[in-house]
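Breakdown of the fold
Each chain is listed here by its residues.
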Amino acid sequence: MDTKRNPSPEYKEKAGRNAIKAINQWNPNIIIAVDDNAQKFVAMHYNNSKAINIVFTGVNASVDTYGYDKAKNVTGILERIPFQEFREIFVQILPKNKRRIVHISDSSVTSQLVHEELTNVDWSPLKLVKSFQCETFKEWKEVIKNVDKIGDILLVTHYHTLQDENGKTMSPTDVMAWTAENVKIPDIGCWGFFVKDGGMMSIAVSPYEQGEEAAKMAVKIIEEKIPPNEIEVKINSLYVVHMRGDKLKERNISPPKMLEAFAKATNNYYE
């Protein structure tokens, strides 16, 4: 649907209608719907369909948001950022007199859900001092330029719907290239693309688990004839570590050796 790069309500509605039209033409046995927009604009329209089952994945909202808790033809895997693991790593890599966390993201639906989730986390002995949700790259740059005045570490989630001065969606790579050059405190992300785009380090939700579990559920429904509502909804449990060596040195950060070894062993360590 490409709604990250095209975040306007009009585009989302149109992409949803096109997807529904294609599904109705193909008449599949199962829809595998990825991310929250796919649920809202497409998949949930097939709740309790007798012909089409739904397997969701990459979902940050709760199942009742899309009526899945009352649908007999739905199962899937939720996506939850491992904030407790982030807290433990922050404690290990930050000096005891530096405990202030600042979060920044775009203003997408996914980011709103992440914001609600992280503001309910017990971060002690650290403190989440501010969570920014930016609509434009201009707003984003203002936060980054001044973030060292209020925080000791920057937690970054999505940045894929930021708009430039002409209302055009920014390239995520360009956003992170600028951010990596201008941020003055350690930065850590929640997905692998954050480090690939130039960030220092990420503890990432495993995309492999999200895809593999959804595929296993689809196979159970098709080949084993198990009704979707008899397949337990799962929450992700696997994580992938990504690191960028030059940025770690630049920020004077020494990550736990085990995490560094894990990143190198999985080819997710960038010199």
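Residues numbered from 1 in each chain as written. Predicted model: local features only at pLDDT ≥ 70, side-chain atom pairs only at ≥ 80, totals over all residues. Heavy atoms only, no water.

As annotated in an unreviewed UniProt entry, the protein chain carries the name ABC transporter substrate binding protein and is attributed to Candidatus Electrothrix aestuarii.

**Some words on the overall build of the protein chain**
A tally of regular secondary structure across the protein chain gives 10 helices and 11 strands. In terms of overall dimensions, the protein chain has C-alpha extents of about 60 × 45 × 35 Å along its principal axes. Looking at the protein chain as a whole, 52% of its 271 residues are labelled buried. For the protein chain, the accessible surface area stands at approximately 13600 Å², while carbon and sulfur atoms represent 50% of it. Where the 35 positive side-chain charges of the protein chain centre and where its 36 negative ones centre are 2 Å apart. (Helix = DSSP H or I, 4+ residues; strand = E, 2+ residues; numbered from the N terminus. Buried < 20%, exposed > 50% of the residue type's maximum accessible area, 1.4 Å probe, protein only. Areas by Shrake-Rupley, 256 points an atom, 1.4 Å probe, with all protein chains shown as cover. Lys, Arg positive; Asp, Glu negative; His and termini not counted. Charge placed at Lys NZ, Arg CZ, Asp CG, Glu CD.)

**Brief notes about the environment of Thr110**
Note that Thr110 resides in helix H4 (residues 109–118). Among the residues examined, Thr110 registers a relative accessible area of 4% and is labelled buried. Taking C-alpha positions, Thr110 is 14 Å from Phe132, a pair spaced 22 residues apart along the chain. When residues no more than four places from it in sequence are discounted, the contact partners of Thr110 are Lys4, Asp35, Asp36, Asn60 and His158. (Contact = heavy atoms within 4.5 Å.)

**Looking at empty space enclosed by the protein**
Over the atoms a probe the size of a water molecule is rolled, and this reveals where empty space is left. Scanning the entire structure with this criterion turns up 1 cavity of 30 Å³ or more. Taken together, Thr3, Lys4, Pro7, Lys12, Asn37, Ser108, Val109, Thr110 and Thr161 make up the lining of the largest cavity. (1 Å grid on protein atoms, 1.4 Å probe; cavity = no way out; pocket = protein on both sides within 12 Å on 5 of 7 lines; lining within 4 Å. Points joined across faces, edges and corners; volume = space filled by probe spheres on them.)

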